[in-house]
Amino acid sequence: MVANWAEALLKLQTVDLRIRDLENRLALLPKEMNELKNRRDIAVNEVNTAAAAAKKIELSRKSVESEIEKLRAENRKLQQQTAMVKKNTEYQAMLGTIALNEKKIGDLESRELELMDEFEAAKKAYRKIKANNEAIVNTIRSEFDEFVTFAGDLKKEIAQLKAERPSDIRGVDADTLARYNRLLAGKDGVAPLVKVENEICGSCHLKVTRQALANIQKGAVTSCENCMHFIYLDDAE
Ligand SMILES: [Zn+2]
């Protein structure tokens, strides 16, 4: 038979360990949610980067186009001027400039064609990344929503368990309860009250002293002399 004090503490401990588990789980959520946010930011940035790359190519193409326009206008003007030039050397110089400009225009037109191809490729890449990353962002969003719901559920259950948790227990004195609470807050993660099996403490796994065993038999509140956890015996097993 389990002593009354141990039975009462075990009941409390079941609730407390559940609360501790839920709180530990809850504490992990902000990090997991931040990771989701980071993944979302990366996906959004990739789309923005692809859009910016396409835009940059289009701007280059427009600048090439306006350069071509400028050269053409210059040549039209030169053509008109040649008709009025009297000196042959001047005339030849003008024709030379016109020819040079034509050559430049030809080069720029090739460059413009290249940029148009690059722009098409960049647009295609952008559309692909956009479709892909929008799907990723949607998945992340629903995962995030699940976390929000999960956090709410955890908080609700913790609050409920805490509300139901008895603040004082019949048969357990205040000093014992205070020690129990200290053990519960301990970093080892072991339950404050552990069973003794084959005379071995369930917390530190060392042999329990004869004196401690005798105390348990008497029904007294007993601690392991090594690890200070409360210990009990379950004769029924
Ligand atoms: Zn122990």
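On a predicted model such as this, the values are computed, not experimentally measured, just so you know. (Residues numbered from 1 in each chain as written. Predicted model: local features only at pLDDT ≥ 70, side-chain atom pairs only at ≥ 80, totals over all residues. Heavy atoms only, no water.)

### Concerning the overall build of the protein
At step 1: Summing up its helical and strand segments, the protein has four helices and three strands in all.
At step 2: Element order for the protein, N to C, with α for helix and β for strand: α-α-α-β-β-α-β.
At step 3: Its C-alpha atoms give the protein a radius of gyration of 41 Å, more than 25% over the compact-globule value 18 Å for 237 residues.
At step 4: Considering only C-alpha atoms, the protein reaches an extent of 130 × 35 × 30 Å along its principal axes.
At step 5: Expressed as a percentage of its 237 residues, the buried residues of the protein come to 31%.
At step 6: Taking as baseline every contact in the protein between residues at least 6 positions apart, the subset at least 24 positions apart corresponds to 70%.
At step 7: Carbon and sulfur atoms make up 54% of the accessible area of the protein, which amounts to about 15700 Å² in all.
At step 8: Averaged over its 39 positive side-chain charges, the protein has a centre that lies 6 Å from the centre of its 39 negative ones. (Helix = DSSP H or I, 4+ residues; strand = E, 2+ residues; numbered from the N terminus. Rg over C-alpha atoms; globule rule 2.2 N^0.38 Å. Buried < 20%, exposed > 50% of the residue type's maximum accessible area, 1.4 Å probe, protein only. Contact = heavy atoms within 4.5 Å. Areas by Shrake-Rupley, 256 points an atom, 1.4 Å probe, with all protein chains shown as cover. Lys, Arg positive; Asp, Glu negative; His and termini not counted. Charge placed at Lys NZ, Arg CZ, Asp CG, Glu CD.)

### Overview of the sheet that holds strand β3 (residues 230-232)
At step 1: Read from one edge to the other, the open sheet built from three strands follows the order β2-β1-β3, with strand pairing classed as mixed. Each having just a single partner strand, β2 (200-201) and β3 make up the two edges of the open sheet.
At step 2: Alignment of strand β1 (residues 193-197) against β3, held across three bridges, turns out to be parallel. Residue pairing in the sheet places Leu-193 in a bridge with Phe-230 of β3. (Pairing = 2+ DSSP bridges.)

### What about the coordination of the zinc ion?
At step 1: Protein ligation of the zinc ion involves Cys-201 (SG), Cys-204 (SG), Cys-224 (SG) and Cys-227 (SG), the donor distances falling in the range 2.3 Å.
At step 2: Viewed at the metal, the four donor atoms of the zinc ion are separated by angles of 106 to 116°, and the geometry they form is tetrahedral.
At step 3: When the donors of the zinc ion are listed by position in the chain, the intervening gaps give C-x2-C-x19-C-x2-C. (Donors = N, O, S within 2.8 Å, 3.2 Å for Na, K, Ca; no water. Tetrahedral: all angles 85-135°; square planar, octahedral: opposite > 155°, others 65-115°.)

### Section: the environment of Glu-197
At step 1: Along the chain, Glu-197 falls in strand β1.
At step 2: Sequence separation between Glu-197 and Leu-233 is 36 residues, and the spatial gap between their C-alpha atoms is 7.4 Å.

### A look at the domain arrangement of the protein
At step 1: Under the domain assignment used here, the protein contains domain 1 (19-164) and domain 2 (174-232).
At step 2: With centres defined by C-alpha atoms, the gap from domain 1 to domain 2 works out at 66 Å. (Domains from an automatic or database assignment.)

### Description of the side chain of Asn-101
At step 1: Turning to its location among the elements, Asn-101 is positioned in helix α2 (residues 88-164).
At step 2: Residue Asn-101 is classed as buried on the basis of its relative accessible area, which comes to 3%.
At step 3: Of note is the side chain of Asn-101, whose polar atom sits 2.8 Å from the side chain of Asn-75.
At step 4: Those residues in contact with Asn-101 that sit more than four places away from it in its chain are Leu-71, Glu-74, Asn-75 and Leu-78. (Polar contact = N/O pair within 3.5 Å; in protein donor to acceptor, adjacent residues only side chain to side chain.)

### A word on the packing of helix α1 (residues 4-82) against α2
At step 1: The N-to-C vectors of α1 and α2 enclose an angle of 165°; their axes lie 6 Å apart at closest approach. Taken together, the axes of α1 and α2 lie roughly antiparallel to each other. In the packing of α1 onto α2, the handedness of the crossing is left-handed.
At step 2: Residues of the contact of α1 with α2, tallied by class, amount to 41 nonpolar, eight polar and 26 charged. (Axes fitted to C-alpha atoms, helices over the stretch in contact; angles between N-to-C directions. Parallel < 35°, antiparallel > 145°, perpendicular 65-115°, else oblique. Left-handed = near helix turned anticlockwise from the far one by under 90°. Nonpolar A, V, L, I, M, F, W, Y, C, P; charged D, E, K, R; others polar.)

### Some thoughts on unusual backbone geometry
At step 1: For His-205, which is not a glycine, the phi torsion comes out positive at approximately 65°.
At step 2: Of note, His-205 is situated in the loop between β2 and α4 (210-217).

### Some points on the pairing of β1
At step 1: As defined by bridge partners, β1 adjoins β2 across two bridges and the pair is classed as antiparallel. Looking across to β2, one finds that Glu-197 is bridged to Ile-200.

### Some remarks on the pattern of salt bridges
Think of it this way: side chains of opposite charge can pair up when their charged atoms draw near.
At step 1: According to the stated counting rule, one finds 17 salt bridges in the structure shown.
At step 2: In this structure, the salt-bridge partner of Glu-114 is Arg-111, at a minimum N-O distance of 2.8 Å. Here Arg-111 and Glu-114 lie together in helix α2, a separation of three residues that amounts to about one turn.
At step 3: On the basis of relative accessible area, Glu-114 is assigned to the partly exposed category, the value being 43%.
At step 4: Classification of Arg-111 by relative accessible area gives partly exposed; the value is 33%.
At step 5: What you see here is one network of salt bridges that share partners, running through Glu-58, Arg-61, Glu-65 and Glu-112. (Salt bridge = Lys/Arg side-chain N within 4 Å of Asp/Glu carboxyl O.)

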